[in-house]
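Structural characterization, general
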Amino acid sequence: MSDTLSDGLARLRRREPWLWSNPNWRPLRDCLPKLPFGLDAVLETEARLRRFAPLLADLFPELRSSGGIIESEFRPLSRWARAEGLGLDGRLWMKADHALPVAGSIKARGGIYAVLHFAERVALAEGLLRGLDDDFRQLNTPAARAAFARYELTAGSTGNLGLSIGIIGAALGFRSTIHMSAEAKEWKKERLRRRGVTVVEHRADYSAACAQARALAEADPRAHFIDDENSIELFLGYSVAARRLQRQLRALDIPVDGRHPLFLYLPCGVGGAPGGITFGARQVFGDHAICLFAEPVEAPCMLLGMLTGKHADASVYDLGLRLATDADGLAVPRPSRFVGKLMEPLLSGIYTVSDRQLYRDLQTAWEREEVELEPSACAGFSGPRRLLDTDDGQALLRARGLDAHLDRATHIIWTTGGALVPAEQHEQFRQKARELAG
Ligand SMILES: *Cc1c(COP(=O)(O)O)cnc(C)c1O
């Protein structure tokens, strides 16, 4: 084993917050020929979401104002930037996926898209639509709902994916069964049951819950398993975020180019969400998007997979870690089978965060910016500090020639969940943050 590898594994074992710089990063022109799909796949995904938009606007009143497009706000983190003292005033932003409509988390992008992709296929096969330019609002009729009710959606989840699939599935008329891992929060299960979703509770972790959901779905021809560990649809659903972000940046006259790099800080669980966004961002912004994933020190599955090159064949348990984190959305022992491989030339690095830090940032986000987040959603906040204020971060910046452009760079903290969290749960998060600080 090489020194850097054994040193890296030792740091992960010690649960030591770390910024790993990806030695396999490549310029986009070198990656493009090797990627299994490209910008056309992102555009096709966007087009499908546009086809469904009128239907979604009918199904969800909260989407009327956006014409059925599910998108989040892009807003400045002015007070945070001033208080942080990293010299980021005016250049630190939040992509507020914690408040994405319908599902209240980043899973509203991937989970909902994966269900729509399946619904379109069923609708065409069952004759509910004559073609892709037909009026998709016809899928909001008793006949369509009755047809969808003959199919069952199923998934393994740590909570938020189940929530997004269950909500959109129920709205269209599908039956849904969600297999929840031990980390899943009680309120997420309760919320789904109230919508008529079947919730199967597992005492095991997320990978095990997925495995069981997959096996059950394989035995049932009417069941459609949405496979968070392998799904291209989920991945592409997330990738559209980069195009939407590009429009938001343009509307604010924020440049992204060789002199104006764009840093994205993306919380990572199994990898689909941050991977899809990174894929989209590299397609849209080329080499000027510097994407960093954030994982809990107790569940650095993507870091372990990429560091060792073993991807889904490596498990954080092998390091003696136990997924002992309150970041339930990130509590995953093995990364997606295909995302890590795809990220090899695209991703700039991965850093790890302790729960103590997640709670500190949760509390500070509330005090400074009045946003209520779940712990998983806070992993982005320590990114700028890791990058700008540590030796590992400085080394990454120098190696990529980014240090010369730092005073013109834009930094985006991607907040990934929280809007559906009940008020008393938010209060408990803040209580815990105060205890850890005290
Ligand atoms: C699922 C989730 C993530 C990470 O997405 P993956 O696709 O699992 O990597 C981040 N934050 C929250 C709140 C999530 O629910």
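A brief structural summary.

About the thresholds
- Residues numbered from 1 in each chain as written.
- Predicted model: local features only at pLDDT ≥ 70, side-chain atom pairs only at ≥ 80, totals over all residues.
- Heavy atoms only, no water.
- Near = heavy atom within 4 Å.
- Polar contact = N/O pair within 3.5 Å; in protein donor to acceptor, adjacent residues only side chain to side chain.
- Areas by Shrake-Rupley, 256 points an atom, 1.4 Å probe, with all protein chains shown as cover.
- Helix = DSSP H or I, 4+ residues; strand = E, 2+ residues; numbered from the N terminus.
- Nonpolar A, V, L, I, M, F, W, Y, C, P; charged D, E, K, R; others polar.
- Buried < 20%, exposed > 50% of the residue type's maximum accessible area, 1.4 Å probe, protein only.
- Contact = heavy atoms within 4.5 Å.
- Pairing = 2+ DSSP bridges.
- Axes fitted to C-alpha atoms, helices over the stretch in contact; angles between N-to-C directions.
- Phe/Tyr/Trp six-rings, centres within 6.5 Å; stacked < 30°, edge-to-face > 60°.
- Parallel < 35°, antiparallel > 145°, perpendicular 65-115°, else oblique.
- Left-handed = near helix turned anticlockwise from the far one by under 90°.

Taken together, 15 residues lie near the ligand, and Lys107, Asn160, Gly269, Gly271 and Thr416 sit nearest. With respect to the ligand, the backbone of Val270 contributes an N or O atom lying 3.0 Å from an oxygen atom. Contact with the protein chains hides 99% of the accessible area of the ligand, taken as 380 Å² for the molecule alone. Broken down by element, the residue count for the shell around the ligand peaks at three residues, all from helix H11 (residues 272-285). Considered class by class, the residues forming the shell around the ligand number six nonpolar, eight polar and one charged.

Here we come to the environment of Gly417. With respect to the helices and strands, the residue Gly417 is situated in the loop between strand E11 (410-415) and helix H17 (423-437). On the basis of relative accessible area, Gly417 is assigned to the buried category, the value being 0%. For the pair Gly417 and Leu100, spaced 317 residues apart in the sequence, the C-alpha separation amounts to 8.2 Å. Beyond its immediate stretch of four places on either side in the chain, Gly417 contacts His98, Gly104, Ser105, Leu373, Glu374 and Ala377.

As a further point, take the sheet that holds strand E5 (residues 175-180). Two orientations exist for strands paired in a sheet by backbone hydrogen bonds: parallel and antiparallel. Pairing is parallel across the open sheet formed by four strands, whose spatial order is E6-E5-E4-E7. This sheet does not close on itself; its edge strands, each paired only once, are strand E6 (198-201) and strand E7 (223-225). Strand-to-strand, the axes of this sheet are offset by a mean angle of 20 degrees, without reference to chain direction. Strand contacts of helix H8 (residues 186-194): E5 and E6, with the helix running at about 150 degrees to E6, the strand carrying the most contacts.

Another aspect to go through is the packing of aromatic side chains. Per the stated rule, a full pass over the model turns up ten aromatic pairs. Consider the rings of Phe74 and Trp93, whose centres lie 4.7 Å apart with planes at 5 degrees: the pair is stacked. Taken as a pair, Phe74 in strand E2 (residues 74-76) and Trp93 in strand E3 (residues 92-96) lie far apart in primary sequence, 19 residues in all. A relative accessible area of 11% means that Trp93 is categorised as buried. With centroids separated by 5.3 Å and ring planes inclined at 65 degrees, the aromatic side chains of Phe235 and Phe338 adopt a geometry described as edge-to-face. With Phe235 in helix H10 (residues 232-251) and Phe338 in the loop between helix H12 (301-308) and helix H13 (339-343), the pair connects residues that are 103 residues apart, well separated along the chain. Of the two residues examined, Phe235 and Phe338, each falls in the buried class. Taken together, the ring pairs in this structure connect Phe37, Phe235, Phe279 and Phe338 into an aromatic cluster.

This next bit is on the packing of H10 against H11. Running from amino to carboxyl end, H10 crosses H11 at an angle of 45 degrees, the nearest separation of the two axes being 7 Å. Relative to H11, the element H10 lies oblique. Note on packing geometry: the crossing formed by H10 with H11 is right-handed. For the pair H10 and H11, the contacting residues are Phe235, Leu236, Tyr238, Ser239, Ala241, Ala242, Arg243, Leu245, Gln246 and Leu249 in the first and Gly272, Ala273, Gly275, Gly276, Ile277, Phe279, Gly280, Ala281, Val284 and Phe285 in the second. Taken together, the residues of the contact of H10 with H11 sort by class into 13 nonpolar, six polar and one charged.

The values reported here are purely geometric and, on their own, carry no functional implication.
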